[in-house]
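Remarks on the overall topology
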Amino acid sequence: METRALMVERDLTVRVGTRTLPEPAADEALIAVEWAGICGSDLHVLRTGDWVVDWPATLGHELYGRVLAAPEGSGLSPGDAVVSDSRLACGTCDWCRVDPDRCPHIQFVGELRPGGFASHCVLPARILHRVDPGVAGSTAVLAEPLAVALHALSHLDHAPRRAAILGHGPIGALVHAELRRRAPGCAVDVAEPAALRAQLAEALGGRVTASSAELDPAAYDVVVDAAGYATSLADALALGAPGAHVLLVALGHAEAAVHPAALVERRLRVTGCHAFVDELPEAIRLLSEEGWRYDPVVTAAVALDDLPGALAALLDRPDDVKVLVRP
């Protein structure tokens with residue numbers, strides 16, 4: 001079938017056009033996309049072309065929609081409201097035989113195959129999760145990024161007393177909202193220069209500064225780098241108190257200078273937090289029961305035809321937190 005879709009060409013030009021979707025295979029479902037979320041990794045693809053397997057690409061791995069057709073025995077029926085896991089393990093390596101979540105060749109919807117910035121998409125039924133049809137699609141679509149935030153915080157072995165978050169974009173804001181839920185007594189300081197993102201951080205109860213240089217050095221038992229700018233790793237390490245846990249969720253690509261002695265002497269634990277493992281069902285539950293906690297991260301919504309302009313604005317000067325697309 002043909003679908004209206006965002007098309008990213010190999011030269012990284014972007015347009016909305018028509019693409020032909022393959023007929024669903026025996027293990028695949030056809031989805032009518034109702035909402036999709038713009039992720040920082042989508043913006044990274046638009047800057048670099050990284051990770052895309054087949055051009056033109058249709059990005060969008062955070063999606064909510066309705067099943068139009070599904071394979072027998074999948075547990076899905078036409079009309080079901082679903083969200084999608086974003087991960088596509090290779091299915092053939094030794095790790096996949098043991099635990100697909102640890103596949104070193106894992107790729108993502110929107111990069112390996114067309115994603116949710118389209119009116120329709122075809123996805124493996126195994127990565128689709130039914131959601132309560134009473135939950136607004138604009139809330140349910142946050143399940144995938146919320147799972148990322150839950151996975152990052154799953155590395156903590158205690159409720160933090162004082163946390164610093166560098167960057168209050170979608171993941172930084174969801175981490176902040178989740179910290180408020182699970183550790184309401186935790187003081188949260190946020191470094192965020194963008195006005196709208198800073199306003200949300202304040203609304204969530206954070207103390208906000210324009211840069212990490214204005215935060216208190218060596219004062220936080222948890223530091224979350226959700227910014228990924230050139231010196232954010234060094235800045236995050238400098239903020240950690242002795243024994244602090246530094247969680248890296250941003251896709252920073254600049255080389256960073258690290259002093260090993262500082263890590264050793266201050267007993268800092270540094271954890272790279274990539275995607276998620278088994279947190280998606282928990283994210284779906286939380287959004288169903290307490291969606292009001294996470295809804296404020298959505299600060300804009302655009303139609304598919306307006307998506308190229310919205311992406312250009314986010315690439316140039318990001319201010320919105322989570323931008324949703326309604327194909």
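Preceding this paragraph is the structure being described.
Rules behind the numbers
Residues numbered from 1 in each chain as written. Predicted model: local features only at pLDDT ≥ 70, side-chain atom pairs only at ≥ 80, totals over all residues. Heavy atoms only, no water. Core = buried A, V, L, I, M, F, W, Y, C linked by side-chain atoms within 4.5 Å. Buried < 20%, exposed > 50% of the residue type's maximum accessible area, 1.4 Å probe, protein only. Helix = DSSP H or I, 4+ residues; strand = E, 2+ residues; numbered from the N terminus. Contact = heavy atoms within 4.5 Å. Axes fitted to C-alpha atoms, helices over the stretch in contact; angles between N-to-C directions. Parallel < 35°, antiparallel > 145°, perpendicular 65-115°, else oblique. Left-handed = near helix turned anticlockwise from the far one by under 90°. Nonpolar A, V, L, I, M, F, W, Y, C, P; charged D, E, K, R; others polar. Pairing = 2+ DSSP bridges. Arc of directions from axis to C-beta.

Thoughts on the nonpolar core
Core analysis: the largest hydrophobic core is formed by 51 residues, its most contacted members being Tyr 64, Leu 146, Val 175, Val 224 and Tyr 294. Contributions of two or more residues to this core are made by β5 (81-84), α4 (143-153), β10 (162-166), α5 (170-182), β11 (187-191), α6 (195-203), β13 (220-225) and α9 (280-290). Ranked by residue count, the leading element in this core is α4, at eight residues. For Leu 146, the contacting residues outside a window of four places in its chain are Leu 174, Ala 283, Leu 286, Leu 287 and Tyr 294. Grouped together as the second largest cluster of nonpolar side chains are 34 residues, Leu 76, Leu 123, Leu 307 and Leu 314 included.

What about the packing of α4 against α5?
Close contact between α4 and α5 brings their axes to 9 Å; oriented N to C, the two are set at 60°. Relative to α5, the element α4 lies oblique. Both α4 and α5 take part in a crossing whose hand is right-handed. Only Ile 171, Leu 174, Val 175, Glu 178, Leu 179 and Arg 182 of α5 make contact with α4, whose side of the interface consists of Pro 145, Leu 146, Val 148, Ala 149, Leu 150 and Leu 153. Taken together, the residues of the contact of α4 with α5 break down into ten nonpolar, no polar and two charged.

As for the sheet that holds β13
Across the sheet, which stays open at both edges, the six strands sit in the order β12-β11-β10-β13-β14-β15 with parallel pairing between neighbours. Edge strands, defined here as strands with exactly one partner in the open sheet, are β12 (207-209) and β15 (269-272). When strand polarity is set aside, the average angle formed by the axes of neighbouring strands in this sheet is 15°. Bridge count for β10 against β13 is four bridges, and the pairing is parallel.

Some words on helix α7 (residues 232-239)
Restricting attention to buried positions, one finds in α7 the residues Ser 232, Ala 236, Leu 237 and Leu 239. Down the axis of α7, the buried set is contained in an arc of 160°. They therefore lie on one face. Lining the buried residues of α7 we find β10, β13, β14 (240-248), α8 (260-265) and β15.

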